[in-house]
Amino acid sequence: MATVDLIMPKLGESIMEATILKWFKQPGDSVKMDETVLEIATDKVDSEVPSTAEGVIEEILFKVNDVVPIGTVIARIRQGGEAAASAPAQTVAAPEQPAAPATQAAVVSTQTAAPAASSGGARFYSPLVLNIAASEGISMSELEQIPGTGNEGRVTKKDILQYVSQRKSGQVPAAQQPTVQAQPQQQSAPATIAPRETQAMTTYSGNVEIIEMDRMRKLIADHMVRSKHTSPHVTSFTEADVTNLVMWRDKAKKEFERREGTKITFTPLFVEAIVKCIKKFPLINCSLDGDKIIIKKDINIGMATALPSGNLIVPVIKNADQLNLVGLAKQVNSLADSARNGKLKVDDTQGGTFTLTNVGTFGSLMGTPIINQPQVAILAVGAIKKRPVVVETPMGDSIAIRHMMYLSMSYDHRIVDGSLGATFLTAVAKELENFSPDREI
């Protein structure tokens, strides 16, 4: 009987691995085409993996909580017939994935050093691996010497943790020792490691409650730390008189919902203004690859969305420049509902080129948001408040009650200078201020 390999699917352009959360099938269980076999998680979203064939689960190659590279065989399905008597009764670990004991480290180094060298130094490191390396004082030159057991010689979490353990005990093989140029960084490593060891042994006095971070919160923490480590953040601020926009929405929201079957919130109005300004300043819509600036022709706007758990996720409105206000409103509401109900697909969080976060939802006047890598800018809108302000009229200045809102934008100073950042932010504010109160729905 034919055996079909179940492969860890490709989950997005920047995702190289996924964590197995749960197996819904075990060896010997029957499975239908497209029936869910397991649930996996990336640093973006959880997803279910369906069967690619009908038959019987013959073998499972990874356990729950294993981190598996994309494209790896994770299970085998025997097509046709009932479960054979010889079918494995328990989960079997993948032959290529076992943790190498310390005594075998030198052998592993010999076997994996060649593939890493042949790649011309262009090894991919996951955000988690880079974060561990930074926290343990491991330089990039030293990281490049660590043998990887992942796909194409890639360094996995298990590899770097094993290396850190060997490093602390003085068992790092000679082949992995950093070069002379890396010595100054290595001398400072103990100062970095010592506080972490002390912190692990900390005892807490008084009335405290210790809560373990859930998986998503850990991923968010890693992502935020990596962003601050990667991009020199600069934040600019401005304010906008959004009275016309508020009055138009108040007047139009009932008719809009009756006619279109969806609510009109402020978010699609903000997205619309951002899109118009990105077209004027395309450098805001880019990413950095080494010393190359990649200007994105697609305008995909991420919108930070709070989940009931208190965590945060950023679904993406694809090709936002091709949608009118009705289309934007429907996309915003659909993605927000899917996020809150745990129904986002992997693709829903991929490909963002610029992010909007509404800190005003929770009453905050302004914020200093952290860039959503690999983007170069993120814009935050604060709460809309009525304030007395000076208004210029043909009859002279007067004081009026207006709806005012602060806007702030953090941007990557490697690419976006203060002049571009401030000009773009001011342009968005002007778009909102110039909103026509007589606009047709």
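1. Considering the environment of Asp-321
Piece 1. Checked against the element boundaries, Asp-321 lands in the loop between strand E15 (316-317) and helix H10 (325-340).
Piece 2. On the basis of relative accessible area, Asp-321 is assigned to the partly exposed category, the value being 26%.
Piece 3. For the pair Asp-321 and Val-271, spaced 50 residues apart in sequence, the C-alpha separation works out to 9.3 Å.

2. A closer look at the packing of helix H9 (residues 266-280) against H10
Piece 1. In the contact formed by H9 and H10, the axes pass within 9 Å of each other and the chain directions differ by 125 degrees. On the basis of their axis angle, the class for H9 and H10 is oblique. Considering only the axes of H9 and H10, their crossing is right-handed. Along the contact surface, H9 presents Thr-267, Pro-268, Leu-269, Val-271 and Glu-272, while H10 presents Leu-325, Leu-328, Ala-329 and Val-332.

3. Brief notes about the pattern of salt bridges
Piece 1. All told, the structure shown has 16 salt bridges when counted by the stated rule.
Piece 2. Where Glu-255 meets Arg-258, a salt bridge forms, and the shortest distance between an N and an O atom there is 2.6 Å. Of the two residues, Glu-255 and Arg-258 are both situated in helix H8 (residues 243-260); the distance of three residues between them amounts to about one turn of the helix.

4. Some remarks on the nonpolar core
Piece 1. The biggest cluster of nonpolar side chains holds 58 residues, and the ones touching the most others in it are Phe-354, Leu-379, Leu-407 and Phe-424.
Piece 2. Residue contacts for Phe-354: discarding those within four places in its chain leaves Ile-274, Ile-278, Ile-284, Asn-285, Asn-300, Ile-301, Gly-302, Gln-375, Ala-377, Leu-379, Met-409 and Phe-424.
Piece 3. Core analysis: the second largest hydrophobic core is formed by 20 residues, Leu-6, Phe-62, Ala-75 and Ile-77 among them.

5. Some details on the side chain of His-223
Piece 1. On the secondary structure map, His-223 appears in helix H7 (residues 215-230).
Piece 2. Its relative accessible area of 14% is what places His-223 among the buried residues.
Piece 3. A polar side-chain atom of His-223 sits 2.9 Å from a polar atom in the side chain of Asn-372.
Piece 4. The residues touching His-223, leaving out its near neighbours within four places in the chain, are Asn-372 and Gln-373.

6. Things to note about the packing of H8 against H10
Piece 1. Two numbers describe how H8 lies on H10: the axes approach to 13 Å, and their chain directions differ by 80 degrees. With respect to their mutual orientation, H8 and H10 come out roughly perpendicular. Contacts between H8 and H10 involve Trp-248, Phe-256 and Glu-260 from the former and Leu-325, Val-326, Ala-329 and Lys-330 from the latter.
Piece 2. For the contact of H8 with H10, the per-class residue count stands at five nonpolar, no polar and two charged.

7. Side note on the confidence of the model for the chain
Piece 1. Here the chain averages 81 in pLDDT, while 80% of its residues score no lower than 70.
Piece 2. Note on residues 83-121: pLDDT under 50 across the span, and 47 contacts to partners over four residues away in sequence or across chains.
Piece 3. For the stretch residues 179-199, pLDDT sits under 50, and the model shows 23 contacts to residues farther than four places along the chain or on other chains.

8. Focus: H8
Piece 1. Taking 1.5 Å as the rise per residue, H8 with 18 residues should run 26 Å; its terminal C-alpha atoms sit 24 Å apart, in good agreement.
Piece 2. Taken together, the buried positions of H8 are Thr-243, Leu-245, Val-246, Trp-248, Arg-249, Ala-252 and Phe-256.
Piece 3. Of the residues one or two after H8, Gly-261 is the one with positive phi, at around 75 degrees.

9. Some words on the environment of Asp-34
Piece 1. Among the structural elements, Asp-34 can be located in the loop between strand E3 (30-31) and strand E4 (36-41).
Piece 2. Sequence separation of Asp-34 and Ala-53 is 19 residues, and the distance between their C-alpha atoms is 7.4 Å.
Piece 3. The residues contacting Asp-34, other than those within four sequence positions of it, are Pro-50 and Ser-51.

10. Comments concerning the pairing of strand E6 (residues 55-60)
Piece 1. Counted residue by residue, E6 has five buried out of six residues, so it is predominantly covered.
Piece 2. Pairing of E3 with E6, which is carried by two bridges, proceeds in the antiparallel orientation. Each bridged residue has a counterpart across the sheet, and for Val-31 the counterpart in E6 is Gly-55.
Piece 3. Relative to strand E8 (residues 73-79), E6 runs antiparallel, the two sharing five bridges. Directly across from Ile-57, in E8, lies its bridge partner Ile-77.

Conventions and cut-offs
- Residues numbered from 1 in each chain as written.
- Predicted model: local features only at pLDDT ≥ 70, side-chain atom pairs only at ≥ 80, totals over all residues.
- Heavy atoms only, no water.
- Helix = DSSP H or I, 4+ residues; strand = E, 2+ residues; numbered from the N terminus.
- Buried < 20%, exposed > 50% of the residue type's maximum accessible area, 1.4 Å probe, protein only.
- Axes fitted to C-alpha atoms, helices over the stretch in contact; angles between N-to-C directions.
- Parallel < 35°, antiparallel > 145°, perpendicular 65-115°, else oblique.
- Left-handed = near helix turned anticlockwise from the far one by under 90°.
- Contact = heavy atoms within 4.5 Å.
- Salt bridge = Lys/Arg side-chain N within 4 Å of Asp/Glu carboxyl O.
- Core = buried A, V, L, I, M, F, W, Y, C linked by side-chain atoms within 4.5 Å.
- Polar contact = N/O pair within 3.5 Å; in protein donor to acceptor, adjacent residues only side chain to side chain.
- Nonpolar A, V, L, I, M, F, W, Y, C, P; charged D, E, K, R; others polar.
- pLDDT = per-residue confidence, 0-100.
- Expected span 1.5 Å × (residues − 1).
- Pairing = 2+ DSSP bridges.

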